[in-house]
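# Chains, contacts and geometry: an overview
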Number of protein chains: 4
Amino acid sequence: MNRGDHRTSETRLRVRYSETDAQRIVNNGVYLAYFEVGRVEWLRNAGFSYAELERDGYGFVVVKAEIEYGKPARFDDELTVRTTLLELRRASLSFAYKVLRGEELLVAGKTRHGCIDIASGRPVRIPAGLGGDRIFGAKDFHETKTR
Amino acid sequence: MNRGDHRTSETRLRVRYSETDAQRIVNNGVYLAYFEVGRVEWLRNAGFSYAELERDGYGFVVVKAEIEYGKPARFDDELTVRTTLLELRRASLSFAYKVLRGEELLVAGKTRHGCIDIASGRPVRIPAGLGGDRIFGAKDFHETKTR
Amino acid sequence: MNRGDHRTSETRLRVRYSETDAQRIVNNGVYLAYFEVGRVEWLRNAGFSYAELERDGYGFVVVKAEIEYGKPARFDDELTVRTTLLELRRASLSFAYKVLRGEELLVAGKTRHGCIDIASGRPVRIPAGLGGDRIFGAKDFHETKTR
Amino acid sequence: MNRGDHRTSETRLRVRYSETDAQRIVNNGVYLAYFEVGRVEWLRNAGFSYAELERDGYGFVVVKAEIEYGKPARFDDELTVRTTLLELRRASLSFAYKVLRGEELLVAGKTRHGCIDIASGRPVRIPAGLGGDRIFGAKDFHETKTR
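Residues numbered from 1 in each chain as written. Chains lettered and ligands numbered in written order. Predicted model: local features only at pLDDT ≥ 70, side-chain atom pairs only at ≥ 80, totals over all residues. Heavy atoms only, no water.

## Concerning the relation of the copies chain D and chain A
Short version of the rule: Least-squares superposition of the copies uses the C-alpha atoms of those residues scoring a pLDDT of at least 70 in each of them. Pairs of residues are marked as contacts when any of their non-hydrogen atoms sit within 4.5 Å.
For the pair chain D and chain A, the best superposition has an RMSD of 0.0 Å and corresponds to a rotation of 180° with a translation of 0.0 Å parallel to the axis. Read as a symmetry element, the transformation amounts to a two-fold axis. When C-alpha distances to the rotation axis are compared across chain D, the minimum falls at Glu66 of chain D, with a value of 2.2 Å. Taken together, the interface assignments show that 100% of the residues at the interface of chain D recur at the interface of chain A, consistent with an identical surface on both copies.

Okay, structure coming up:
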């Protein structure tokens, strides 16, 4: 069983003119919006709508982000955002991202998120099934340490 | 009495690199963010914090915007956003904006807003005093027709 | 022959989290980025890549924009941007846009653009074929007045 | 002599409505724009205009960024971006950033940049005086290793 397949999803996007800057490349901050698109699509592939999670009272807050800029993307480039679940804990999770133009890696990054109860702002356990049953099976889930 | 003074406020900002696009000018959509800054400062000058208005349950929704682009602004330009209250009705209001570099007019625009009760999303009367007592006096307020 | 078909193109996009604001709706300025996506796709449908036009030395500068906000779009909504060429002159052109969620009209707008020679910044004749031969035929092109 | 003073500059900004997202906090990607503002002001304090550096043919490209999100900033918050030069090499430099609300640390980060010749896109030596003579003195400059 190729577990990697279950942990990775891909989404396509095309660079908008408004995303470029005066260096005629995609502005460095825009990749965090691309990553955001990537993880929303990852969740959808895993059977979760982030919009529904919010309506159910859950929110994911970004606690850390890292980005390595290899080569610039430019206006009208067709990009692939490859999103991989790196780690799933009781109340937090991490993703890795690769932004590719064809097979050429342009930018890579990671983000770490806490799961909160929107009403109180407090950390809460990630909804059942997100990483556990539906995606990796119970074993994977328990292999990760709770904090 | 120069009423114009009471209806107009100015705020300064400097063009950020992230606001430029590959034409090496400020992207056309960014001016709506500049206008937003202008009217938040106009409200503050008039004694209203938009953040507090929201906490009190009021929201202003944009219903119309017009922008005329004369000359481009560029990275690091120091701009003035001159915001003028155009019209104040029972549940809506309009602003005009001029974006200047020194005395040179670059971009002009208008926005029209409805005042809503955030909880219900329904139109509500604009909070007392916003345009009436504090700024223009009761007479001005009643001169404008309610819709 | 239904000329309307040739003048209109549609493109799909999904609202990103970063495009929403604290009113939990798409920020008013973001629609200008959506319009930009719409007209780049319109051009592509008409056989023109805006990226190539720029490499050939042509640029389109926005000279005017109007937006009417009917109903708000929200995070994760699937939207259609329907872009129509309104007018084509010697050195300028205008587009109309409708942003729809399913068949529900949310936001409408228009933009007007001048065609410039990027090197000099001066107005130049729109590249042959853009609206003329390929799309509307010579007759339409000549029906529009040059300014 | 407190060299730290020479390596750190502060700039103020107020959170714009367009910078918030549906979580009613500043969107995670916006901090990279704040960092960009911080380093442009750092350069200005050091006697360099980034706009002029570009006109002279120099560009700084972001090669790496890290962000730690402690507490969220919200609409209308008055923030301080404290920017510190971390390291200066022959053709690259690094900055650290703290985003504060009053004395409360909200977000911290680092960016690393390469200096390029804009025409060729190749790495070039950072303009004389940037970190050397004017700011830290020749000694500091030579203490850092060239790569």
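Now that the structure has been shown, the text picks up again.
## Structural notes on the relation of the copies chain D and chain B
Laying chain D over chain B is done by rotating through 180° and shifting 0.0 Å along the axis; what remains is an RMSD of 0.0 Å. Same-surface contact between copies: 100% of interface residues of chain D are shared with the interface of chain B.

## As for the packing of aromatic side chains
Test applied: Only rings of Phe, Tyr and Trp enter the pairing, Trp through its six-membered ring, and a pair is recorded when the two centres are within 6.5 Å. The plane angle decides the type: under 30 degrees is stacked, over 60 is edge-to-face, the rest tilted. Numbering of helices and strands starts at the N terminus; helices are DSSP runs of H or I of at least 4 residues and strands are runs of E of at least 2. Buried means the residue's accessible area, taken with a 1.4 Å probe over protein chains only, is under 20% of the maximum for its type, while exposed means over 50%, and partly exposed covers the values in between.
Counted under the stated rule, the structure contains 36 aromatic pairs over all chains. Between Tyr17 of chain A and Tyr50 of chain C, the ring centres sit 5.7 Å apart and the planes meet at 70°, which makes this aromatic pair edge-to-face. With Tyr17 of chain A in the loop between strand 1 (8-14) and helix 2 (30-45) and Tyr50 of chain C in helix 3 (residues 50-55), the pair connects residues from two separate chains. A relative accessible area of 5% means that Tyr17 of chain A is categorised as buried. Aromatic pair Tyr50 of chain B and Phe60 of chain B: ring centres 5.8 Å apart, planes at 35°, arrangement tilted.

## Quick word on the sheet that holds strand 2 (residues 58-69) of chain B
Inclusion rule: In this description, strands pair whenever DSSP reports at least two bridges between them. All axes are obtained by fitting lines to C-alpha atoms, using only the stretch in contact for helices, and the reported angles, taken between N-to-C directions, cover 0 to 180 degrees.
Pairing in this open sheet of 10 strands is antiparallel, and the strands run 1(B)-3(B)-4(B)-5(B)-2(B)-2(C)-5(C)-4(C)-3(C)-1(C) from one edge to the other. Looking at the sheet topology across the chains shown, the edges are occupied by strand 1 (8-14) of chain B together with strand 1 (8-14) of chain C. For this sheet the average axis-to-axis angle between neighbouring strands, irrespective of direction, equals 25°. Relative to strand 1 of chain B, helix 2 (residues 30-45) of chain B is tilted by about 130°, and along the sheet it contacts strand 1, strand 2, strand 3 (78-88), strand 4 (92-101) and strand 5 (104-117) of chain B together with strand 2 (58-69) of chain C.

## Overview of the sheet that holds strand 1 (residues 8-14) of chain D
Through backbone hydrogen bonds, the strands of a sheet pair up, either in parallel or in antiparallel fashion. Read from one edge of the open sheet, 10 strands run 1(A)-3(A)-4(A)-5(A)-2(A)-2(D)-5(D)-4(D)-3(D)-1(D), paired in antiparallel fashion. In this open sheet, the two edge strands, each paired with only one partner strand, are strand 1 of chain A together with strand 1 of chain D. For this sheet, the mean inter-axis angle between neighbouring strands, taken without regard to orientation, is 25°. Note: strand 1 of chain D against strand 3 (residues 78-88) of chain D, seven bridges, orientation antiparallel. Paired with Arg12 of chain D across the two strands is Thr80 of chain D, which belongs to strand 3 of chain D.

## Comments concerning the pattern of salt bridges
Applied cut-off: Any Lys or Arg side-chain nitrogen found within 4 Å of a carboxyl oxygen on Asp or Glu counts as a salt bridge.
Counting across every chain of the model gives 67 salt bridges over all chains. The partner of Arg16 of chain C in a salt bridge is Glu19 of chain A, and the shortest N-O contact between them spans 2.8 Å. Within this pair, whereas Arg16 of chain C is found in the loop between strand 1 and helix 2 (30-45), its partner Glu19 of chain A is found in the loop between strand 1 and helix 2, the two belonging to separate chains. Assigned by exposure class, Arg16 of chain C and Glu19 of chain A land together as buried. Between Glu10 of chain D and Arg82 of chain D there is a salt bridge, and its shortest N-O distance comes to 2.6 Å. You can see Glu10 of chain D sitting in strand 1 and its partner Arg82 of chain D sitting in strand 3, a full 72 residues away along the chain. A residue is classified by how much of its surface remains accessible, and Arg82 of chain D, at 26% relative accessible area, is partly exposed. Among the charged side chains, a salt-bridge network with shared partners connects Arg14, Asp76 and Glu78 of chain A together with Glu41 and Arg44 of chain C.

## Section: the interface of chain D and chain B
The cut-off we apply is this: Defined in terms of a 1.4 Å probe, buried area is the accessible area two parts forfeit on being brought together, summed over both. For this analysis, a polar contact is any N or O atom pair within 3.5 Å, provided that within protein one partner can donate a hydrogen and the other can accept it, and provided that sequence-adjacent residues contribute only side-chain to side-chain pairs. Think of it as three bins: nonpolar holds Ala, Val, Leu, Ile, Met, Phe, Trp, Tyr, Cys and Pro, charged holds Asp, Glu, Lys and Arg, and polar takes everything else, Gly as well.
With 20 residues of chain D in contact, the opposing surface of chain B contributes 20 residues. Buried area between chain D and chain B, both sides added, is near 1700 Å², and the carbon and sulfur share of it is 48%. The three residues of chain D that bury the most area against chain B are Arg16, Tyr17 and Phe75 of chain D, which together make up 33% of that side's buried surface. Counting the contacts that link chain D with chain B gives eight salt bridges. With its nearest N and O atoms 3.7 Å apart, the salt bridge here joins Arg14 of chain B to Glu41 of chain D. Counting across the chain D and chain B interface gives 10 residue pairs in polar contact (both at pLDDT 80 or more). Elements supplying a minimum of two residues to the side of chain D that touches chain B: strand 1, helix 2 (30-45) and helix 3 (50-55) of chain D. With seven residues, the single largest contributor to the side of chain D that touches chain B is helix 2 of chain D. Grouping the amino acids of the side of chain D that touches chain B by side-chain chemistry returns nine nonpolar, two polar and nine charged.

## With respect to the environment of Asp21 of chain A
Looking at where Asp21 of chain A falls in the secondary structure, it is placed in the loop between strand 1 and helix 2. Taking relative accessible area as the criterion, Asp21 of chain A reaches 3% and is therefore assigned buried. For the pair Asp21 of chain A and Glu54 of chain A, spaced 33 residues apart in sequence, the C-alpha to C-alpha distance is 32 Å. If we ignore the near neighbours within four places in the chain, the residues touching Asp21 of chain A are Asn27 of chain A together with Tyr17, Thr20, Asp21 and Ala22 of chain B. From its side chain, Asp21 of chain A meets the backbone nitrogen of Gln23 of chain A in a polar contact 2.9 Å long.

## Brief notes about the interface of chain D and chain A
Contacts between chain D and chain A engage 20 residues on the former and 20 residues on the latter. Of the roughly 1600 Å² buried where chain D meets chain A, counting both sides, 46% is carbon and sulfur surface. Interface area lost by chain D to chain A is led by Gln23, Asn28 and Tyr69 of chain D, which between them contribute 29%. The tally of links from chain D across to chain A stands at two salt bridges. Note that Lys64 of chain D is salt-bridged to Glu68 of chain A, the shortest N-O span being 4.0 Å. For the pair chain D and chain A, the number of links is 12 residue pairs in polar contact (both at pLDDT 80 or more). Mapped by element, the contributors of at least two residues to the side of chain D that touches chain A are helix 2, helix 3 and strand 2 (58-69) of chain D.

Taken by themselves, the reported measurements are silent on function.
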